[in-house]
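A look at the structure
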Amino acid sequence: SQTIHQWPATLVQPVGSPLSLECTVEGTSNPNLYWYRQAAGRGLQLLFYSVGIGQISSEVPQNLSASRPQDRQFILSSKKLLLSDSGFYLCAWSEGAFFGQGTRLTVV
Amino acid sequence: QKEVEQNSGPLSVPEGAIASLNCTYSDRGSQSFFWYRQYSGKSPELIMFIYSNGDKEDGRFTAQLNKASQYVSLLIRDSQPSDSATYLCASSGGGGNKLTFGTGTQLKVEL
């Protein structure tokens, strides 16, 4: 069966620090992968999606970037975090139908 | 801009009753519709999806789709306290392999 792993579960980072969140999928090949952010009390906002290695589509201009170095690996990064980057970050696959456990990021 | 609208709630129903959750969408090109359950602090969990007009049943859950009215609903029969959560509606299609989410409806099932 397919599983999706996302880590870490929680993260507290100071303003201006870098960020790297990793997501891996098992049990499938060439999946469509997605990064979403959910701010407190708000809906899911699609940040990036990828249909293959090295291919990234950005949905919202922002302080974040994404990379897909391997078929089943998707990474979300930032060089310098802002307070507004706080939120619940979710990795998903298969058109976003299945989600990882999420990373709750608090920028202080 | 593609939008999916949900009433934020909270929707309160007594235990054992039918909970009815509603969702409207603006993009007539949307083809598939998804319902998720999200417990506080957790990631969304897919309940079911529907892409044909009419009803689709899965256990205590029934999804209903009316493309002419651009309306999707989720019925939960015999509601249980464990059903208390936020329910997210999402649409896909109309260009691109991605989902557009509503902001969710909070459901409270009371004893």
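Rules used throughout
By convention here, each chain's residues receive numbers from 1 onward along its written sequence. Lettering of chains starts at A and numbering of ligands starts at 1, both following the order in which they are written. Where totals are concerned, whole chains, interfaces and linings use all residues; where local detail is concerned, this predicted model gives features only for residues with pLDDT of at least 70, and gives and counts side-chain atom pairs only at 80 or more. For the side-chain quantities, the full set of heavy atoms in the structure was used; hydrogens and water were omitted. To qualify as a helix, a DSSP run of H or I must reach at least 4 residues; to qualify as a strand, a run of E must reach at least 2; elements of each kind are numbered from the N terminus. For a compact globule the rule gives 2.2 Å times the number of residues to the power 0.38, and the radius of gyration it is set against comes from C-alpha atoms. Accessible area is worked out with a 1.4 Å probe on protein chains only. A residue is then buried under 20% of its type maximum, exposed over 50%, and partly exposed in between. Residue contacts follow a heavy-atom distance rule, with two residues in contact if any of their heavy atoms lie within 4.5 Å. Here, Shrake-Rupley sampling with a 1.4 Å probe gives the accessible areas, and only protein chains in the shown set may cover a residue. Each pair of aromatic rings taken from Phe, Tyr and Trp, with Trp reduced to its six-membered ring, is defined by centres within 6.5 Å and is described as stacked if the planes are under 30 degrees apart, edge-to-face if over 60, and tilted in the remaining cases. Any Lys NZ or Arg CZ found within 6 Å of a ring centre and within 35 degrees of that ring's normal is scored as a charge over the ring.

**Quick word on the overall build of chain A**
Summing up its helical and strand segments, chain A has zero helices and 11 strands in all. Order of helices (α) and strands (β) in chain A, N terminus to C terminus: β-β-β-β-β-β-β-β-β-β-β. In terms of overall dimensions, chain A is globule-like: its C-alpha atoms have a radius of gyration of 13 Å, near the 13 Å expected for 108 residues. Along the first, second and third principal axes, the C-alpha atoms of chain A reach 35 × 25 × 20 Å. Scored against the burial criterion, the 108 residues of chain A give a buried share of 48%. Within chain A, contacts between residues at least 6 apart in sequence are counted, and of these 54% link residues at least 24 apart. Summed over its atoms, the accessible surface of chain A is roughly 5,000 Å², and 52% of this surface lies on carbon and sulfur atoms.

**Concerning the packing of aromatic side chains**
For the structure on display, the rule yields 12 aromatic pairs over all chains. With a centroid separation of 6.4 Å and 25° between ring planes, the pair formed by A:Tyr34 and A:Tyr36 is classed as stacked. Its relative accessible area of 0% is what places A:Tyr34 among the buried residues. Ring-pair connections join several aromatic residues into one group, and the members of that group are A:Tyr34, A:Tyr36, A:Tyr49, A:Phe99, B:Tyr36 and B:Phe101. The lysine or arginine in question, B:Lys56, covers the ring of B:Phe49, its NZ or CZ lying 3.9 Å from the ring centre. Between the NZ or CZ atom of B:Arg60 and the centre of the ring of B:Phe61, over which it lies, the distance is 5.5 Å.

**Comments concerning unusual backbone geometry**
Here the amide bond leading from A:Trp7 into A:Pro8 is cis, since omega sits at 0°, within 30 degrees of zero. Structurally, A:Pro8 is set in the loop between strand 1 (3-7) and strand 2 (10-13). In this chain, B:Gly9 is followed by B:Pro10 through a cis amide linkage whose omega measures 10°. Residue placement: B:Pro10 occurs in the loop between strand 1 (4-5) and strand 2 (11-14). Even without being glycine, A:Asn30 reaches a positive phi, approximately 50°. Residue position: A:Asn30 is located in the loop between strand 3 (19-26) and strand 4 (33-38).

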